[in-house]
Amino acid sequence: MNLKDLKLHLPDEQAIKNSLVSTNTAKLKQELDQLPYGNMHQALDQAIEKLALINRTQIATNLRFELLGCFLPSFQMFFDHLINPENHRQASTFDKARNKLSELCREMSFGYKLTLLTFPEKNRFKTRKLAERVYYAMAFSSITLFIEFQKHQTKTAYFWGDIHQLYAYARSKKLLRHPQEFEGLDILANSIEGLYLQTSITAISDPYQLPSNQIMHIWNYLSQHSHHAIITALEPNTAPDSGFVIKLKGDEKPQSYRWFEQATDMLALDLDPLNEILSGHLQKIQSNPDSSVAGLGKTPPEIRSSLLSHLTESWLQTSQRNEERVQTNKTVELTYGVRDVHCLVSQSADTVIQIREQISDLLEGQITDESTTGAHVSLPAAAKRELGPGQLVLIYENQMGMVNAPKLALVRWSTTDQSGQRINLGIKYIPGHIYPVSVKANDKVTVDAYPRNGLLLQSVSDQAQEWQIVTTPGLYQENRKLGLLFENQPDEQPARAARLIANSKDIQQFSIEILTLSNEQVANSSIEAQEI
(Lines give C-alpha, C1' and ligand atoms only; values in the text may rest on other atoms or scores of the structure.)
Protein backbone atom coordinates (compact mmCIF):
# COMPACT_ATOMS: atom_id res chain seq x y z
CA MET A 1 0.00 0.00 0.00
CA ASN A 2 1.37 3.43 -0.99
CA LEU A 3 0.54 6.98 0.03
CA LYS A 4 -1.14 7.61 -3.32
CA ASP A 5 -3.71 4.93 -2.36
CA LEU A 6 -4.91 6.93 0.65
CA LYS A 7 -8.17 8.85 0.20
CA LEU A 8 -7.98 10.96 3.33
CA HIS A 9 -10.28 13.89 4.02
CA LEU A 10 -8.59 17.27 3.62
CA PRO A 11 -9.78 20.91 3.81
CA ASP A 12 -12.39 21.82 1.22
CA GLU A 13 -10.45 24.89 0.09
CA GLN A 14 -7.55 24.17 -2.24
CA ALA A 15 -4.08 25.13 -0.96
CA ILE A 16 -2.65 28.25 -2.61
CA LYS A 17 0.44 30.39 -2.16
CA ASN A 18 -0.30 32.99 0.51
CA SER A 19 2.17 35.73 1.41
CA LEU A 20 0.12 36.67 4.49
CA VAL A 21 1.07 33.45 6.26
CA SER A 22 4.25 33.58 8.29
CA THR A 23 6.32 30.42 7.88
CA ASN A 24 8.84 31.46 10.52
CA THR A 25 8.52 28.98 13.41
CA ALA A 26 10.01 31.37 15.97
CA LYS A 27 7.51 34.09 15.04
CA LEU A 28 4.61 31.61 15.13
CA LYS A 29 5.64 30.38 18.59
CA GLN A 30 5.70 33.97 19.79
CA GLU A 31 2.25 34.65 18.35
CA LEU A 32 0.85 31.53 20.03
CA ASP A 33 2.49 32.43 23.34
CA GLN A 34 0.76 35.80 23.20
CA LEU A 35 -2.76 34.46 22.67
CA PRO A 36 -5.25 35.75 25.30
CA TYR A 37 -5.30 32.58 27.41
CA GLY A 38 -7.15 34.45 30.16
CA ASN A 39 -10.14 33.99 27.84
CA MET A 40 -9.72 30.43 26.58
CA HIS A 41 -12.57 30.65 24.09
CA GLN A 42 -11.13 33.75 22.44
CA ALA A 43 -7.62 32.25 22.39
CA LEU A 44 -8.98 29.06 20.84
CA ASP A 45 -10.76 30.98 18.09
CA GLN A 46 -7.53 32.79 17.20
CA ALA A 47 -5.50 29.56 17.20
CA ILE A 48 -8.01 27.89 14.88
CA GLU A 49 -7.91 30.88 12.52
CA LYS A 50 -4.09 30.77 12.30
CA LEU A 51 -4.00 27.00 11.79
CA ALA A 52 -6.77 26.98 9.18
CA LEU A 53 -4.84 29.56 7.14
CA ILE A 54 -1.64 27.49 7.33
CA ASN A 55 -3.52 24.35 6.23
CA ARG A 56 -4.80 26.15 3.13
CA THR A 57 -1.41 27.51 2.11
CA GLN A 58 1.20 25.68 0.00
CA ILE A 59 4.13 24.91 2.31
CA ALA A 60 6.97 22.40 2.08
CA THR A 61 6.20 19.21 3.99
CA ASN A 62 9.03 19.41 6.55
CA LEU A 63 8.31 23.06 7.30
CA ARG A 64 4.60 22.32 7.67
CA PHE A 65 5.45 19.61 10.21
CA GLU A 66 7.55 22.09 12.21
CA LEU A 67 4.77 24.70 12.13
CA LEU A 68 2.24 22.18 13.39
CA GLY A 69 4.57 21.31 16.25
CA CYS A 70 4.33 24.94 17.41
CA PHE A 71 0.63 24.40 18.15
CA LEU A 72 1.12 21.37 20.44
CA PRO A 73 1.76 23.28 23.72
CA SER A 74 -1.28 25.49 23.05
CA PHE A 75 -3.38 22.46 22.24
CA GLN A 76 -2.43 20.89 25.56
CA MET A 77 -3.61 24.00 27.45
CA PHE A 78 -6.88 24.12 25.50
CA PHE A 79 -7.53 20.44 26.05
CA ASP A 80 -6.74 20.42 29.78
CA HIS A 81 -8.95 23.43 30.44
CA LEU A 82 -11.88 23.03 28.05
CA ILE A 83 -12.46 19.28 28.39
CA ASN A 84 -13.07 19.61 32.15
CA PRO A 85 -16.79 20.27 32.91
CA GLU A 86 -15.85 21.92 36.22
CA ASN A 87 -14.41 24.85 34.24
CA HIS A 88 -17.81 25.64 32.72
CA ARG A 89 -20.70 27.18 34.60
CA GLN A 90 -23.34 26.03 32.14
CA ALA A 91 -23.81 22.89 30.07
CA SER A 92 -24.27 24.99 26.92
CA THR A 93 -20.83 26.63 27.33
CA PHE A 94 -19.28 23.19 27.91
CA ASP A 95 -20.82 21.90 24.67
CA LYS A 96 -19.64 25.01 22.81
CA ALA A 97 -16.10 24.52 24.15
CA ARG A 98 -16.04 20.89 23.04
CA ASN A 99 -17.31 21.83 19.59
CA LYS A 100 -14.52 24.39 19.23
CA LEU A 101 -11.96 21.90 20.51
CA SER A 102 -13.19 19.41 17.90
CA GLU A 103 -12.68 22.07 15.24
CA LEU A 104 -9.07 22.58 16.36
CA CYS A 105 -8.51 18.80 16.35
CA ARG A 106 -9.83 18.54 12.80
CA GLU A 107 -7.50 21.29 11.63
CA MET A 108 -4.52 19.62 13.37
CA SER A 109 -5.46 16.33 11.73
CA PHE A 110 -5.77 18.08 8.34
CA GLY A 111 -2.28 19.50 8.76
CA TYR A 112 -0.64 16.21 9.69
CA LYS A 113 -2.44 14.37 6.89
CA LEU A 114 -0.99 16.94 4.49
CA THR A 115 2.52 16.32 5.86
CA LEU A 116 1.98 12.58 5.36
CA LEU A 117 0.61 12.72 1.83
CA THR A 118 3.50 14.95 0.68
CA PHE A 119 6.19 12.88 2.41
CA PRO A 120 8.95 11.44 0.13
CA GLU A 121 7.93 7.84 0.68
CA LYS A 122 10.75 6.30 -1.37
CA ASN A 123 13.37 7.32 1.17
CA ARG A 124 13.55 4.11 3.19
CA PHE A 125 15.87 5.72 5.77
CA LYS A 126 13.07 7.99 7.06
CA THR A 127 10.83 5.31 8.56
CA ARG A 128 10.73 6.99 11.96
CA LYS A 129 9.55 10.31 10.47
CA LEU A 130 6.96 8.53 8.36
CA ALA A 131 5.59 6.70 11.43
CA GLU A 132 5.50 10.00 13.31
CA ARG A 133 3.31 11.62 10.68
CA VAL A 134 0.91 8.69 10.61
CA TYR A 135 0.70 8.71 14.41
CA TYR A 136 -0.08 12.42 14.73
CA ALA A 137 -2.65 12.33 11.92
CA MET A 138 -4.38 9.42 13.64
CA ALA A 139 -3.98 10.99 17.10
CA PHE A 140 -5.98 14.11 16.28
CA SER A 141 -8.67 12.10 14.50
CA SER A 142 -8.85 9.87 17.58
CA ILE A 143 -9.09 12.81 19.98
CA THR A 144 -11.91 14.21 17.83
CA LEU A 145 -13.73 10.90 18.22
CA PHE A 146 -13.05 10.92 21.96
CA ILE A 147 -14.77 14.31 22.20
CA GLU A 148 -17.68 12.87 20.23
CA PHE A 149 -17.86 10.02 22.76
CA GLN A 150 -18.01 12.61 25.56
CA LYS A 151 -20.85 14.38 23.76
CA HIS A 152 -22.56 10.98 23.35
CA GLN A 153 -22.72 11.38 19.59
CA THR A 154 -23.29 8.10 17.79
CA LYS A 155 -22.85 9.41 14.23
CA THR A 156 -19.45 10.71 13.13
CA ALA A 157 -18.42 12.00 9.73
CA TYR A 158 -15.49 10.30 7.94
CA PHE A 159 -13.24 9.96 11.03
CA TRP A 160 -13.40 6.17 11.13
CA GLY A 161 -12.67 5.98 7.40
CA ASP A 162 -9.49 8.04 7.85
CA ILE A 163 -8.38 6.13 10.95
CA HIS A 164 -8.88 2.77 9.22
CA GLN A 165 -6.85 3.94 6.21
CA LEU A 166 -4.02 5.25 8.37
CA TYR A 167 -3.92 1.97 10.28
CA ALA A 168 -3.97 -0.10 7.09
CA TYR A 169 -1.10 1.95 5.65
CA ALA A 170 0.98 1.64 8.84
CA ARG A 171 0.26 -2.09 8.89
CA SER A 172 1.46 -2.49 5.31
CA LYS A 173 4.68 -0.53 6.06
CA LYS A 174 5.34 -2.30 9.40
CA LEU A 175 5.07 0.97 11.34
CA LEU A 176 2.53 -0.19 13.92
CA ARG A 177 4.85 -0.62 16.91
CA HIS A 178 7.25 2.24 16.39
CA PRO A 179 7.34 3.95 19.82
CA GLN A 180 5.68 7.36 19.78
CA GLU A 181 5.11 10.10 22.31
CA PHE A 182 2.50 12.81 22.08
CA GLU A 183 4.33 15.84 23.41
CA GLY A 184 2.62 17.21 26.52
CA LEU A 185 -0.39 14.89 26.41
CA ASP A 186 -0.20 11.56 28.24
CA ILE A 187 -3.69 10.24 27.47
CA LEU A 188 -2.76 8.48 24.23
CA ALA A 189 -1.22 5.07 23.64
CA ASN A 190 2.43 5.29 22.58
CA SER A 191 2.27 3.47 19.24
CA ILE A 192 0.10 3.53 16.13
CA GLU A 193 -1.26 0.08 16.94
CA GLY A 194 -1.96 0.97 20.57
CA LEU A 195 -3.67 4.23 19.59
CA TYR A 196 -5.83 2.46 16.99
CA LEU A 197 -6.81 -0.14 19.58
CA GLN A 198 -7.44 2.51 22.25
CA THR A 199 -9.86 4.37 19.98
CA SER A 200 -11.57 1.22 18.71
CA ILE A 201 -12.05 -0.39 22.12
CA THR A 202 -13.39 2.84 23.65
CA ALA A 203 -15.93 3.04 20.83
CA ILE A 204 -17.23 -0.50 21.42
CA SER A 205 -17.34 -0.06 25.20
CA ASP A 206 -20.76 1.64 25.10
CA PRO A 207 -19.44 5.07 26.17
CA TYR A 208 -22.96 6.50 25.75
CA GLN A 209 -23.92 4.54 28.89
CA LEU A 210 -21.42 6.47 31.02
CA PRO A 211 -21.38 10.05 32.30
CA SER A 212 -18.98 12.25 30.30
CA ASN A 213 -16.41 12.54 33.08
CA GLN A 214 -16.14 8.75 33.39
CA ILE A 215 -15.39 8.29 29.69
CA MET A 216 -12.06 10.06 30.29
CA HIS A 217 -11.13 7.42 32.90
CA ILE A 218 -11.91 4.62 30.42
CA TRP A 219 -9.84 6.41 27.77
CA ASN A 220 -6.90 6.80 30.17
CA TYR A 221 -7.02 3.15 31.22
CA LEU A 222 -7.04 1.92 27.63
CA SER A 223 -4.12 4.21 26.73
CA GLN A 224 -1.99 1.99 28.97
CA HIS A 225 -3.46 -1.43 28.22
CA SER A 226 -5.09 -1.46 24.77
CA HIS A 227 -1.95 -3.03 23.22
CA HIS A 228 -2.84 -6.34 24.90
CA ALA A 229 -5.71 -6.80 22.44
CA ILE A 230 -4.88 -8.60 19.18
CA ILE A 231 -5.84 -7.81 15.59
CA THR A 232 -5.57 -10.65 13.07
CA ALA A 233 -6.59 -11.16 9.45
CA LEU A 234 -10.04 -12.67 9.04
CA GLU A 235 -9.92 -15.56 6.63
CA PRO A 236 -12.47 -15.53 3.79
CA ASN A 237 -15.68 -17.48 4.41
CA THR A 238 -15.05 -17.73 8.14
CA ALA A 239 -16.43 -15.83 11.10
CA PRO A 240 -15.48 -15.81 14.76
CA ASP A 241 -17.82 -17.36 17.28
CA SER A 242 -17.87 -14.06 19.13
CA GLY A 243 -15.96 -10.82 19.24
CA PHE A 244 -15.52 -7.93 16.85
CA VAL A 245 -14.69 -7.30 13.24
CA ILE A 246 -12.95 -4.33 11.59
CA LYS A 247 -13.77 -3.38 8.02
CA LEU A 248 -10.77 -1.37 6.85
CA LYS A 249 -12.46 0.04 3.76
CA GLY A 250 -15.52 1.12 5.70
CA ASP A 251 -16.37 4.17 7.79
CA GLU A 252 -17.65 2.42 10.91
CA LYS A 253 -16.26 1.51 14.29
CA PRO A 254 -15.48 -2.19 14.93
CA GLN A 255 -18.68 -4.08 15.59
CA SER A 256 -19.97 -7.53 16.32
CA TYR A 257 -19.11 -9.85 13.45
CA ARG A 258 -22.85 -10.47 13.02
CA TRP A 259 -23.25 -7.06 11.40
CA PHE A 260 -20.71 -7.38 8.60
CA GLU A 261 -21.00 -9.21 5.35
CA GLN A 262 -17.92 -11.27 4.58
CA ALA A 263 -15.22 -9.33 2.71
CA THR A 264 -11.49 -9.62 2.03
CA ASP A 265 -10.57 -6.39 3.86
CA MET A 266 -11.82 -7.51 7.26
CA LEU A 267 -9.81 -8.02 10.44
CA ALA A 268 -10.76 -9.78 13.67
CA LEU A 269 -10.36 -7.95 17.00
CA ASP A 270 -9.65 -10.34 19.88
CA LEU A 271 -10.15 -8.81 23.34
CA ASP A 272 -9.53 -12.01 25.35
CA PRO A 273 -5.88 -11.21 26.25
CA LEU A 274 -6.89 -7.69 27.34
CA ASN A 275 -9.80 -9.10 29.31
CA GLU A 276 -7.41 -11.32 31.27
CA ILE A 277 -5.34 -8.27 32.23
CA LEU A 278 -8.49 -6.37 33.16
CA SER A 279 -9.76 -9.25 35.33
CA GLY A 280 -6.50 -9.18 37.28
CA HIS A 281 -6.82 -5.44 37.80
CA LEU A 282 -10.45 -5.83 38.88
CA GLN A 283 -9.55 -8.44 41.50
CA LYS A 284 -6.74 -6.21 42.74
CA ILE A 285 -8.89 -3.11 43.29
CA GLN A 286 -11.79 -5.12 44.71
CA SER A 287 -9.37 -6.27 47.41
CA ASN A 288 -7.99 -2.75 47.83
CA PRO A 289 -9.68 0.17 45.98
CA ASP A 290 -6.55 2.30 46.47
CA SER A 291 -4.28 -0.19 44.68
CA SER A 292 -1.94 1.24 42.06
CA VAL A 293 -3.12 0.36 38.52
CA ALA A 294 -1.61 2.00 35.45
CA GLY A 295 -4.17 4.26 33.75
CA LEU A 296 -6.38 4.57 36.85
CA GLY A 297 -4.20 7.00 38.79
CA LYS A 298 -6.71 9.86 38.42
CA THR A 299 -9.79 7.67 38.82
CA PRO A 300 -11.63 8.02 42.16
CA PRO A 301 -11.35 4.74 44.14
CA GLU A 302 -15.12 4.50 44.59
CA ILE A 303 -15.77 4.10 40.84
CA ARG A 304 -12.75 2.04 39.76
CA SER A 305 -14.44 -1.30 40.18
CA SER A 306 -17.65 -0.22 38.41
CA LEU A 307 -15.70 1.24 35.46
CA LEU A 308 -13.69 -1.92 34.86
CA SER A 309 -16.83 -4.02 35.28
CA HIS A 310 -18.54 -1.81 32.71
CA LEU A 311 -15.74 -2.50 30.23
CA THR A 312 -15.84 -6.28 30.43
CA GLU A 313 -19.65 -6.38 30.51
CA SER A 314 -20.01 -4.03 27.55
CA TRP A 315 -17.54 -6.04 25.44
CA LEU A 316 -19.51 -9.20 26.09
CA GLN A 317 -22.91 -7.59 25.48
CA THR A 318 -21.82 -5.74 22.33
CA SER A 319 -20.14 -8.77 20.77
CA GLN A 320 -23.25 -10.87 21.33
CA ARG A 321 -25.79 -8.18 20.50
CA ASN A 322 -28.26 -9.44 17.93
CA GLU A 323 -29.83 -6.11 17.13
CA GLU A 324 -28.75 -2.56 16.60
CA ARG A 325 -30.54 0.55 17.80
CA VAL A 326 -33.60 1.16 15.66
CA GLN A 327 -34.38 4.69 14.48
CA THR A 328 -37.87 5.76 15.57
CA ASN A 329 -39.95 8.79 16.50
CA LYS A 330 -42.10 7.37 19.27
CA THR A 331 -43.96 9.82 21.52
CA VAL A 332 -43.63 8.94 25.20
CA GLU A 333 -44.33 10.40 28.60
CA LEU A 334 -41.70 10.38 31.31
CA THR A 335 -41.53 10.98 35.02
CA TYR A 336 -38.44 10.87 37.20
CA GLY A 337 -37.33 10.42 40.78
CA VAL A 338 -38.16 7.63 43.20
CA ARG A 339 -41.19 9.41 44.70
CA ASP A 340 -42.95 10.18 41.42
CA VAL A 341 -42.12 6.83 39.82
CA HIS A 342 -43.44 5.08 42.94
CA CYS A 343 -46.64 7.10 42.63
CA LEU A 344 -46.99 6.28 38.94
CA VAL A 345 -46.77 2.50 39.41
CA SER A 346 -48.75 2.51 42.67
CA GLN A 347 -52.06 0.70 42.62
CA SER A 348 -53.54 3.57 44.62
CA ALA A 349 -53.30 5.77 41.51
CA ASP A 350 -55.73 3.98 39.21
CA THR A 351 -56.23 6.55 36.49
CA VAL A 352 -54.10 8.85 34.41
CA ILE A 353 -55.92 11.85 35.92
CA GLN A 354 -55.05 10.77 39.46
CA ILE A 355 -51.44 10.22 38.45
CA ARG A 356 -51.17 13.69 36.92
CA GLU A 357 -52.58 15.23 40.08
CA GLN A 358 -50.11 13.48 42.37
CA ILE A 359 -46.77 13.74 40.61
CA SER A 360 -44.82 16.97 40.28
CA ASP A 361 -43.66 16.93 36.68
CA LEU A 362 -44.75 14.77 33.76
CA LEU A 363 -42.75 15.37 30.58
CA GLU A 364 -43.61 14.51 26.99
CA GLY A 365 -40.83 13.66 24.56
CA GLN A 366 -39.72 11.45 21.71
CA ILE A 367 -37.58 8.34 21.52
CA THR A 368 -35.30 8.88 18.52
CA ASP A 369 -33.59 5.48 18.58
CA GLU A 370 -34.01 2.41 20.76
CA SER A 371 -32.79 -1.12 21.41
CA THR A 372 -33.87 -3.74 23.92
CA THR A 373 -31.39 -2.36 26.47
CA GLY A 374 -31.74 1.40 26.13
CA ALA A 375 -32.86 4.42 24.17
CA HIS A 376 -32.09 8.00 23.16
CA VAL A 377 -34.83 10.37 24.34
CA SER A 378 -35.40 14.01 23.38
CA LEU A 379 -37.30 16.17 25.91
CA PRO A 380 -38.03 19.82 26.68
CA ALA A 381 -35.36 21.26 28.95
CA ALA A 382 -37.76 22.14 31.79
CA ALA A 383 -36.22 19.60 34.18
CA LYS A 384 -32.65 19.50 32.91
CA ARG A 385 -31.10 20.01 36.36
CA GLU A 386 -32.93 17.02 37.83
CA LEU A 387 -32.42 14.74 34.83
CA GLY A 388 -28.70 14.19 35.20
CA PRO A 389 -26.76 10.91 35.07
CA GLY A 390 -27.90 8.46 37.75
CA GLN A 391 -31.51 9.69 37.87
CA LEU A 392 -34.36 7.16 37.85
CA VAL A 393 -36.98 7.56 35.12
CA LEU A 394 -40.14 5.77 34.06
CA ILE A 395 -41.12 5.94 30.40
CA TYR A 396 -44.38 4.82 28.92
CA GLU A 397 -46.54 5.32 25.87
CA ASN A 398 -49.83 7.07 26.51
CA GLN A 399 -52.28 5.54 24.06
CA MET A 400 -55.86 6.81 24.20
CA GLY A 401 -55.50 7.85 27.84
CA MET A 402 -54.22 4.47 29.02
CA VAL A 403 -50.82 3.97 30.61
CA ASN A 404 -49.15 1.34 28.46
CA ALA A 405 -46.00 -0.75 28.90
CA PRO A 406 -44.04 1.32 31.45
CA LYS A 407 -40.26 0.88 31.36
CA LEU A 408 -37.97 1.69 34.26
CA ALA A 409 -34.56 3.11 33.36
CA LEU A 410 -31.49 4.96 34.60
CA VAL A 411 -30.17 8.11 32.94
CA ARG A 412 -26.62 7.42 31.70
CA TRP A 413 -25.93 10.78 30.06
CA SER A 414 -27.60 14.10 29.43
CA THR A 415 -26.82 16.91 26.97
CA THR A 416 -28.51 20.20 26.05
CA ASP A 417 -28.96 21.27 22.43
CA GLN A 418 -27.55 24.58 21.16
CA SER A 419 -30.86 26.37 21.59
CA GLY A 420 -31.01 25.38 25.26
CA GLN A 421 -34.67 24.43 24.79
CA ARG A 422 -34.33 20.65 24.67
CA ILE A 423 -32.27 17.98 26.35
CA ASN A 424 -31.16 14.61 25.03
CA LEU A 425 -30.99 11.67 27.41
CA GLY A 426 -29.28 8.32 27.03
CA ILE A 427 -31.13 5.82 29.20
CA LYS A 428 -30.47 2.21 30.12
CA TYR A 429 -33.52 0.06 30.79
CA ILE A 430 -33.76 -1.80 34.09
CA PRO A 431 -35.46 -5.14 33.29
CA GLY A 432 -37.99 -6.85 35.54
CA HIS A 433 -41.49 -6.57 36.91
CA ILE A 434 -41.99 -3.47 39.07
CA TYR A 435 -43.76 -3.47 42.43
CA PRO A 436 -44.23 -0.32 44.54
CA VAL A 437 -43.11 -0.92 48.13
CA SER A 438 -42.01 0.90 51.23
CA VAL A 439 -38.64 -0.19 52.56
CA LYS A 440 -36.92 0.41 55.89
CA ALA A 441 -33.96 -0.80 57.88
CA ASN A 442 -34.57 -3.37 60.61
CA ASP A 443 -31.41 -2.82 62.61
CA LYS A 444 -30.28 -0.53 65.40
CA VAL A 445 -29.85 2.53 63.14
CA THR A 446 -32.98 4.56 63.89
CA VAL A 447 -32.60 7.16 61.12
CA ASP A 448 -33.43 4.52 58.48
CA ALA A 449 -36.11 2.76 60.51
CA TYR A 450 -38.85 4.90 58.94
CA PRO A 451 -40.35 3.51 55.69
CA ARG A 452 -39.27 5.22 52.48
CA ASN A 453 -40.57 4.83 48.94
CA GLY A 454 -38.97 2.09 46.93
CA LEU A 455 -39.42 -0.13 43.88
CA LEU A 456 -39.07 -3.88 44.06
CA LEU A 457 -37.86 -5.47 40.82
CA GLN A 458 -38.33 -9.11 39.97
CA SER A 459 -36.31 -10.59 37.11
CA VAL A 460 -35.34 -14.05 35.93
CA SER A 461 -31.76 -14.80 34.86
CA ASP A 462 -30.60 -18.28 33.82
CA GLN A 463 -33.78 -19.74 35.30
CA ALA A 464 -32.95 -18.10 38.67
CA GLN A 465 -35.16 -15.46 40.22
CA GLU A 466 -33.50 -12.22 41.30
CA TRP A 467 -34.89 -9.42 43.43
CA GLN A 468 -33.65 -5.86 43.49
CA ILE A 469 -34.57 -2.65 45.31
CA VAL A 470 -34.36 0.87 43.89
CA THR A 471 -34.78 3.60 46.49
CA THR A 472 -33.32 6.92 47.63
CA PRO A 473 -29.64 7.03 48.67
CA GLY A 474 -28.30 6.07 52.09
CA LEU A 475 -30.15 2.87 52.89
CA TYR A 476 -27.78 0.27 51.49
CA GLN A 477 -25.32 -1.58 53.68
CA GLU A 478 -24.11 -5.06 52.81
CA ASN A 479 -26.06 -7.76 54.69
CA ARG A 480 -28.31 -5.14 56.27
CA LYS A 481 -31.67 -6.42 57.49
CA LEU A 482 -34.61 -4.77 55.72
CA GLY A 483 -38.37 -4.74 55.95
CA LEU A 484 -40.57 -4.48 52.85
CA LEU A 485 -44.12 -3.18 53.15
CA PHE A 486 -46.53 -3.86 50.28
CA GLU A 487 -49.71 -1.94 49.57
CA ASN A 488 -52.81 -3.37 51.26
CA GLN A 489 -50.76 -5.99 53.11
CA PRO A 490 -50.33 -5.57 56.87
CA ASP A 491 -47.44 -7.99 57.30
CA GLU A 492 -43.87 -6.93 56.72
CA GLN A 493 -41.68 -9.03 54.42
CA PRO A 494 -38.14 -9.51 55.83
CA ALA A 495 -35.20 -9.19 53.44
CA ARG A 496 -31.45 -8.67 53.47
CA ALA A 497 -29.33 -6.34 51.31
CA ALA A 498 -26.84 -8.13 49.05
CA ARG A 499 -24.89 -6.56 46.17
CA LEU A 500 -24.78 -2.84 45.34
CA ILE A 501 -25.54 -2.32 41.63
CA ALA A 502 -25.86 1.45 41.14
CA ASN A 503 -25.23 4.38 43.44
CA SER A 504 -25.80 8.06 42.62
CA LYS A 505 -26.96 11.24 44.33
CA ASP A 506 -30.54 10.34 43.32
CA ILE A 507 -30.88 6.57 43.81
CA GLN A 508 -29.42 3.36 45.15
CA GLN A 509 -30.03 0.08 43.33
CA PHE A 510 -29.05 -3.18 45.02
CA SER A 511 -29.96 -6.84 44.98
CA ILE A 512 -31.69 -8.36 47.99
CA GLU A 513 -32.38 -11.76 49.43
CA ILE A 514 -36.00 -12.35 50.38
CA LEU A 515 -36.01 -14.09 53.76
CA THR A 516 -38.48 -16.54 55.19
CA LEU A 517 -39.12 -16.22 58.88
CA SER A 518 -36.81 -19.11 59.67
CA ASN A 519 -34.08 -17.67 57.46
CA GLU A 520 -34.42 -14.31 59.22
CA GLN A 521 -34.04 -15.96 62.59
CA VAL A 522 -30.88 -17.65 61.34
CA ALA A 523 -29.60 -14.31 60.05
CA ASN A 524 -30.40 -12.63 63.36
CA SER A 525 -28.51 -15.29 65.27
CA SER A 526 -25.52 -14.94 62.96
CA ILE A 527 -25.44 -11.15 63.27
CA GLU A 528 -25.87 -11.26 67.05
CA ALA A 529 -23.02 -13.74 67.27
CA GLN A 530 -20.81 -11.40 65.24
CA GLU A 531 -21.74 -8.47 67.53
CA ILE A 532 -20.81 -10.49 70.62
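Below you will find a few notes about this structure. (Residues numbered from 1 in each chain as written. Predicted model: local features only at pLDDT ≥ 70, side-chain atom pairs only at ≥ 80, totals over all residues. Heavy atoms only, no water.)

**Section: the overall build of the chain**
Scanning the chain for helices and strands turns up 14 helices and 16 strands. Among the 532 residues that make up the chain, the fraction classed as buried is 50%. Look at the contacts in the chain between residues 6 or more apart in sequence, and 67% of them connect residues 24 or more apart. Just so you have it, the chain exposes about 26,100 Å², and 48% of that area is on carbon and sulfur atoms. (Helix = DSSP H or I, 4+ residues; strand = E, 2+ residues; numbered from the N terminus. Buried < 20%, exposed > 50% of the residue type's maximum accessible area, 1.4 Å probe, protein only. Contact = heavy atoms within 4.5 Å. Areas by Shrake-Rupley, 256 points an atom, 1.4 Å probe, with all protein chains shown as cover.)

**Some words on the pairing of strand 7 (residues 374-380)**
Within strand 7, 5 of the 7 residues are buried, which leaves the element mostly enclosed by the surrounding structure. The antiparallel pairing of strand 6 (residues 363-370) with strand 7 creates a hairpin that spans 3 residues between the two strands. In this sheet, strand 10 (residues 422-429) lies alongside strand 7 in antiparallel orientation, the contact comprising 7 bridges. Along strand 10, the bridge assignment pairs Leu-379 with Ile-423. (Pairing = 2+ DSSP bridges.)

**Let's talk about the nonpolar core**
In this structure, Phe-75, Phe-78, Phe-79, Phe-140, Ile-143 and Phe-182 are the most contacted members of the largest nonpolar core, which totals 98 residues. The element best represented in this core is helix 6 (residues 127-150), accounting for 14 residues. Apart from residues no more than four positions distant in its own chain, Ile-143 is found in contact with Phe-75, Phe-79, Cys-105, Phe-182, Leu-185 and Leu-188. By size, the runner-up hydrophobic cluster in this structure holds 18 residues, among which are Val-332, Val-377, Val-411 and Leu-425. (Core = buried A, V, L, I, M, F, W, Y, C linked by side-chain atoms within 4.5 Å.)

**Concerning unusual backbone geometry**
Phi is positive for Lys-174, close to 60°, though the residue is something other than glycine. Relative to the helices and strands, Lys-174 resides in the loop between helix 7 (159-172) and helix 8 (192-203). Given a relative accessible area of 70%, Lys-174 falls into the exposed group. For Asn-479, which is not glycine, the phi torsion reads 70° and is therefore positive. Relative to the helices and strands, Asn-479 resides in the loop between strand 13 (464-471) and strand 14 (481-486). Classification of Asn-479 by relative accessible area gives partly exposed; the value is 45%.

**Focus: the environment of Thr-416**
You can see Thr-416 is positioned in strand 9 (residues 402-416). As for Thr-416 and Leu-379, which are separated by 37 residues in sequence, their C-alpha atoms are 9.7 Å apart.

**Some details on the packing of helix 6 against helix 7**
Helix packing geometry: the angle between the two helix axes and the distance between the axes. Where helix 6 meets helix 7, the axes come as close as 10 Å, and the angle between the chain directions of the two elements is 150°. Comparing their axes, helix 7 and helix 6 come out roughly antiparallel. Here helix 6 and helix 7 pass one another in a crossing that is left-handed. Facing Leu-130, Val-134, Ala-137, Met-138, Ser-141, Ser-142, Thr-144, Leu-145 and Phe-149 of helix 6, the residues of helix 7 in contact are Phe-159, Trp-160, Ile-163, Leu-166, Tyr-167, Tyr-169 and Ala-170. Its residues placed into classes, the contact of helix 6 with helix 7 shows 13 nonpolar, 3 polar and no charged. (Axes fitted to C-alpha atoms, helices over the stretch in contact; angles between N-to-C directions. Parallel < 35°, antiparallel > 145°, perpendicular 65-115°, else oblique. Left-handed = near helix turned anticlockwise from the far one by under 90°. Nonpolar A, V, L, I, M, F, W, Y, C, P; charged D, E, K, R; others polar.)

**A word on helix 6**
Taking 1.5 Å per residue, 24 residues should reach 34 Å; helix 6 reaches 34 Å between its end C-alpha atoms and fits that length. When you tally the buried positions in helix 6, you get 21 out of 24 residues, the bulk of the element. A positive backbone phi angle near 60° is found at His-152, which sits one or two residues after helix 6. (Expected span 1.5 Å × (residues − 1).)

**Focus on the environment of Gly-250**
With respect to the secondary-structure elements, Gly-250 resides in the loop between strand 2 (244-247) and strand 3 (255-256). With 85 residues separating them along the chain, Gly-250 and Gln-165 place their C-alpha atoms 9.1 Å apart. Setting aside anything within four residues of it in sequence, one finds Gly-250 in contact with Trp-160, Gly-161 and His-164.

**Quick look at the sheet that holds strand 3**
Strand order across the open sheet formed by 4 strands is 1-4-2-3, with antiparallel pairing between neighbours. Two strands lie at the open edges of the sheet, namely strand 1 (230-233) and strand 3, each paired on one side alone. Pairing between strand 2 and strand 3: 2 bridges, direction antiparallel. For Val-245, the partnering residue across the bridge sits in strand 3 and is Gln-255.

**Let's talk about empty space enclosed by the protein**
Evaluated as defined, the whole model comprises 1 cavity of 30 Å³ or more. Taken as a whole, the largest cavity encloses approximately 40 Å³ of empty space. Taken together, Cys-105, Arg-106, Ser-109, Phe-110, Lys-113, Phe-140, Ser-141, Thr-144, Tyr-158 and Phe-159 form the lining of the largest cavity. Of all the elements, helix 5 (residues 91-117) adds the most residues to the lining of the largest cavity, at 5 residues. Each residue belonging to the lining of the largest cavity can be placed in one class, and the counts come to 5 nonpolar, 3 polar and 2 charged. (1 Å grid on protein atoms, 1.4 Å probe; cavity = no way out; pocket = protein on both sides within 12 Å on 5 of 7 lines; lining within 4 Å. Points joined across faces, edges and corners; volume = space filled by probe spheres on them.)

**With respect to the pattern of salt bridges**
Here the structure, examined in full by the defined rule, presents 14 salt bridges. A salt bridge links Glu-103 to Lys-100; the shortest N-O distance between them is 3.7 Å. Note that Glu-103 and Lys-100 are positioned in helix 5 at a spacing of 3 residues, about one turn of the helix. On the basis of relative accessibility, which here comes to 26%, the residue Lys-100 falls in the partly exposed class. Between Arg-480 and Asp-443 there is a salt bridge; the shortest N-O distance is 2.7 Å. (Salt bridge = Lys/Arg side-chain N within 4 Å of Asp/Glu carboxyl O.)

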